[in-house]
Amino acid sequence: MNRFKLDLLQGLLLYAPVYRVLAVALSLLMGVLTASLYQRSDEAELSHLLGTLAQRYAVQLSEEVLRGRAMGATAMLGINEPALKALVQGQLAPDAPQLLERLEPVRQALDAESILVMDAAGRVVAQVSDQPEVTGLQRQDMPYWQLAFAGQENVYPVAEGELPPRRSFLLAAPIYAQAQRGGLVIGVLALKLSAESLDTSLRRLGEHALLLSPQGLVYASSDDEWNFRLARDMAPEQLSGLASQFGPAFAAGAQPPRLPFDPAQDTVELLGLRHLRVRASLQWPDAAGRWQLVLLASPSHQGALLGRTLAGVTSALLALTLLLLLLRAAHNQLASRIALAHSEAASRELMQLAQFKQRQSELSLQLQHARELPALTQALFAEIGRYLPVHQGCLYCVEPDPAGQPELHLAGSYATASAPERVTIGDGLLGQCARERRSLTFSEVPAGFWTLESGLGQALPRALLLLPIMRNELLIGVLELASMEPDGDRIEAMLEGLLPVLATNLEVLLAERRLERLLAEARAQARTDQAPVDGRADLDYAGASKPGAVAVCQAPGIE
């Protein structure tokens, strides 16, 4: 089991009062966040509905103006009316009666204020209207004439007269030389309709609404006080550019007042309440840019506050209940997980032990086939290093010194070349292990005993094991192991069944080695006609009755 999870569960139990306080604090925070999210969700839904309404009305207004009956009639006259073509080509005199008679019924049917006919030079050549005479005036610099003469039907809102000015739409369409669209444009036909009904239409939306020109001037709104106000400050040269379209509002260079809010912001303060702002573009061709429909709406203050409060309190209570239930369940969960962890650890250990037992059997066969000490030590350390966390080691066997006294001789080593060749019984930890014939395990290895080295550096081992190799209470040798893991007792337990096998094979090899040495000495004596060698006396050194072994009770320094 993950140790971090156990520590976490134990901490929950140990600091339960603290965690209860934290649970309450987290619950309150959750309530505040939920209330905030509820408000955002409510505002997002309102903004979506408001945006849909704005988009729908913008499309409706664009369709009514650009594709309505008035624009259709204007476009068809520019395509099909022969008298118009003759007038703009100079074949009829300005304000020709026969043309005015044909256009007057159209003006009355469409409830238009006037109809203007302009030739290719932008000069007004005919006017059907009760308004002041404009025939002969130039309109070549007006955007609606330029767009229409380029072949594009368009709408051009204007304002005329004294304050408050009279607002109108100029619907302009090209006059073609042929009775088809897309041919040569020879003039422009403009139909002027009243736009005073825009304010009433905006009020029907049920929200605060305003229609902004591309320059930022309020052309129509649900509040009469907002009409002809500016959405932003303008430089004098920008204001003068609006005079030709909305002249009365800019008389004598006057700057209209600004709106009490900034329609460019997503939320605005209006009448002491927070309002959401959405906008939609109208498909009115205008060289200055796009006309914008802006809607403002405030969420129901009392309803929103009640909803946020209920959502926050409910979320806080649910979070607190959940956290307290989690803390309550922590104790039972800890007990079950600890039991499960112990069971899994025991299962893993048994499995590892079974695998090592199997390898131990294979190792026993390898040790039995080894005919030399180097082969035996190589097979031993190869298997130990593969299945146990052993990083260095040495194997010593008991052999007599020149004086006939038993001492430890190095039989082989693993991952080290600095092990001493001989160690006297009782000298150092290794000799003391041989003297006391008991295992010595150290979890804190002092400096100077072992150093684990690699190409990247060196470090002290975290565990040192000294294991006597015994057979029938006779000391055969000592196995010394070093590990970077601190659990030396587990390593010793895993090796417990291997030591007797090692002792048997080591005893046999030492006996064969001693016998070979004695035979060599006997042959040497025979060649020099010396006295026969008493092999039995040499075999029984230090009171031992078996080759290569030292009787524990008679070993030097051992009682």
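Keep in mind that what you see is a predicted model, and the values were worked out from it rather than measured.

A. A look at the overall build of the protein chain. Looking only at helices and strands, the protein chain features 14 helices and 19 strands. For the protein chain, long-range pairs separated by at least 24 residues make up 58% of all intrachain contacts whose partners lie at least 6 apart in sequence. A total accessible area of about 29300 Å² is found for the protein chain, and carbon and sulfur atoms account for 55% of it.

B. Up close: the sheet that holds strand 1 (residues 114–119). Pairing is antiparallel across the open sheet formed by 5 strands, whose spatial order is 2-1-5-4-3. Because the sheet does not close on itself, it has two edges, and the strands there are strand 2 (124–129) and strand 3 (154–160). Averaged over all adjacent pairs, the angle separating strand axes in this sheet is 20°, with direction ignored. The strands touched by helix 5 (residues 97–109) are strand 1 and strand 2; relative to strand 2, the strand with the most contacts, the crossing angle is about 45°.

C. A nonpolar patch on the surface, seen in detail. Residues Leu-26, Leu-29 and Leu-33 make up a contiguous nonpolar surface patch of roughly 280 Å² in combined accessible area. Within the secondary structure layout, Leu-33 lies in helix 2 (residues 16–66).

D. Representation of the packing of aromatic side chains within the structure. Scanning the entire structure with this criterion turns up 10 aromatic pairs. When the centroid spacing of 6.5 Å and the interplanar angle of 40° are considered together, the rings of Phe-169 and Tyr-219 count as tilted. Residue Phe-169 is located in strand 4 (residues 166–176), and its partner Tyr-219 is located in strand 7 (residues 218–221); the two are separated by 50 residues in the primary sequence. Of the two residues examined, Phe-169 and Tyr-219, each falls in the buried class. Taken together, a centroid distance of 5.7 Å and an interplanar angle of 55° make the contact between Tyr-219 and Phe-246 tilted. Here the residue Tyr-219 occupies a position in strand 7, and Phe-246 occupies one in the loop between helix 8 (236–242) and strand 8 (267–270), the gap between them amounting to 27 residues. By the burial criterion, Tyr-219 is buried, and Phe-246 matches it. Among the aromatic residues, ring-to-ring pairing joins Phe-169, Tyr-219, Phe-228, Phe-246, Trp-284 and Trp-291 into one connected group.

E. Structural detail: the side chain of His-275. Structurally, the position occupied by His-275 is in strand 9 (residues 273–282). Among the polar contacts made by the side chain of His-275, one reaches the main-chain carbonyl oxygen of Leu-273 at a distance of 3.1 Å. Those residues in contact with His-275 that lie beyond four places of it in its chain are His-208, Asp-266, Thr-267, Val-268, Leu-270, Leu-296, Ala-297 and Ser-298.

F. Highlighting the sheet that holds strand 7. Sheet architecture is open: 5 strands sit in the order 7-6-10-9-8, paired in antiparallel fashion. Strand pairing shows two members of the sheet lacking a second neighbour, strand 7 and strand 8, which therefore form its edges. The mean inter-strand angle of the sheet, taken between neighbouring strand axes irrespective of direction, is 30°. Summarising the sheet, strand 6 (residues 208–212) and strand 7 pair through 3 bridges and their orientation is antiparallel. Note that in strand 7 the partner of Leu-210 across the bridge is Ser-221.

G. Expanded view of helix 5. An ideal rise of 1.5 Å per residue puts 18 Å on 13 residues; helix 5 measures up with 19 Å between its terminal C-alpha atoms. Elements in contact with the buried residues of helix 5: helix 3 (69–80), helix 4 (82–88), strand 1 and strand 2. At the C-terminal side of helix 5, Asp-111 shows a positive phi close to 55°.

H. Highlighting the pairing of strand 9. Alignment of strand 8 against strand 9, held across 4 bridges, turns out to be antiparallel. Residue pairing for strand 9: Val-268 is matched across the bridge by His-275. When strand 9 meets strand 10 (residues 291–297), the two strands line up antiparallel, connected through 7 bridges. If you follow Val-278 over to strand 10, its bridge partner there is Leu-295.

I. Structural context of helix 13 (residues 498–527). Taking 1.5 Å of rise per residue, the 30 residues of helix 13 would be expected to cover 44 Å, and the 44 Å separating its terminal C-alpha atoms lies within 8% of that figure. Within the sequence span of helix 13, burial applies to Leu-498, Leu-499, Leu-502, Ala-503, Asn-505, Leu-506, Glu-507, Leu-509, Leu-510, Arg-514, Leu-518 and Gln-525.

J. Just the environment of Leu-212, in detail. With respect to the helices and strands, the residue Leu-212 is situated in strand 6. Taking C-alpha positions, Leu-212 is 9.6 Å from Arg-229, a pair spaced 17 residues apart along the chain. Residue contacts for Leu-212: discarding those within four places in its chain leaves Leu-217, Val-218, Ala-231, Pro-263, Trp-291, Gln-292 and Val-294.

K. The nonpolar core, seen in detail. Core analysis: the biggest nonpolar cluster contains 55 residues, and Val-117, Phe-169, Leu-171 and Trp-284 have the highest contact counts within it. In terms of residue count, the dominant contributor to this core is helix 2 (6 residues). For this core, the two domains that each supply at least three residues are domain 1 (11–62 + 301–333) and domain 2 (63–297). Among all residues touching Val-117, those that are not within four sequence positions of it are Leu-84, Leu-87, Val-88, Leu-103, Arg-123, Val-124, Val-125, Ala-126, Ile-175, Val-188 and Leu-189. Among the nonpolar cores identified, the runner-up in size contains 31 residues, and Leu-363, Leu-465, Leu-502 and Leu-509 belong to it.

L. Fine view of the confidence of the model for the protein chain. Residues with a pLDDT of 70 or more make up 81% of the protein chain, whose mean pLDDT is 80. Residue range residues 533–559 is modelled with pLDDT below 50. Its contacts to residues more than four positions away, or to other chains, number 63 contacts.

M. How the structure looks around the packing of helix 10 (residues 373–387) against helix 13. Put simply, helix 10 and helix 13 touch, their axes get as near as 10 Å, and they point 165° apart. On the basis of the axis angle, helix 10 is roughly antiparallel to helix 13. Along this stretch, helix 10 crosses helix 13, giving a crossing that reads as left-handed. Here helix 10 contributes Leu-373, Leu-376, Leu-380 and Ile-384 to the contact with helix 13, which in turn contributes Leu-498, Leu-502, Asn-505, Leu-506, Leu-509, Leu-510 and Arg-513. Residue composition of the contact of helix 10 with helix 13, by class: 9 nonpolar, 1 polar and 1 charged.

Reading the values: the criteria
- Residues numbered from 1 in each chain as written.
- Predicted model: local features only at pLDDT ≥ 70, side-chain atom pairs only at ≥ 80, totals over all residues.
- Heavy atoms only, no water.
- Helix = DSSP H or I, 4+ residues; strand = E, 2+ residues; numbered from the N terminus.
- Contact = heavy atoms within 4.5 Å.
- Areas by Shrake-Rupley, 256 points an atom, 1.4 Å probe, with all protein chains shown as cover.
- Pairing = 2+ DSSP bridges.
- Axes fitted to C-alpha atoms, helices over the stretch in contact; angles between N-to-C directions.
- Patch = residues over 30% accessible without salt bridge, like charges linked within 9 Å, V, L, I, M, F, W, Y side chains within 5 Å.
- Salt bridge = Lys/Arg side-chain N within 4 Å of Asp/Glu carboxyl O.
- Phe/Tyr/Trp six-rings, centres within 6.5 Å; stacked < 30°, edge-to-face > 60°.
- Buried < 20%, exposed > 50% of the residue type's maximum accessible area, 1.4 Å probe, protein only.
- Polar contact = N/O pair within 3.5 Å; in protein donor to acceptor, adjacent residues only side chain to side chain.
- Expected span 1.5 Å × (residues − 1).
- Core = buried A, V, L, I, M, F, W, Y, C linked by side-chain atoms within 4.5 Å.
- Domains from an automatic or database assignment.
- pLDDT = per-residue confidence, 0-100.
- Parallel < 35°, antiparallel > 145°, perpendicular 65-115°, else oblique.
- Left-handed = near helix turned anticlockwise from the far one by under 90°.
- Nonpolar A, V, L, I, M, F, W, Y, C, P; charged D, E, K, R; others polar.

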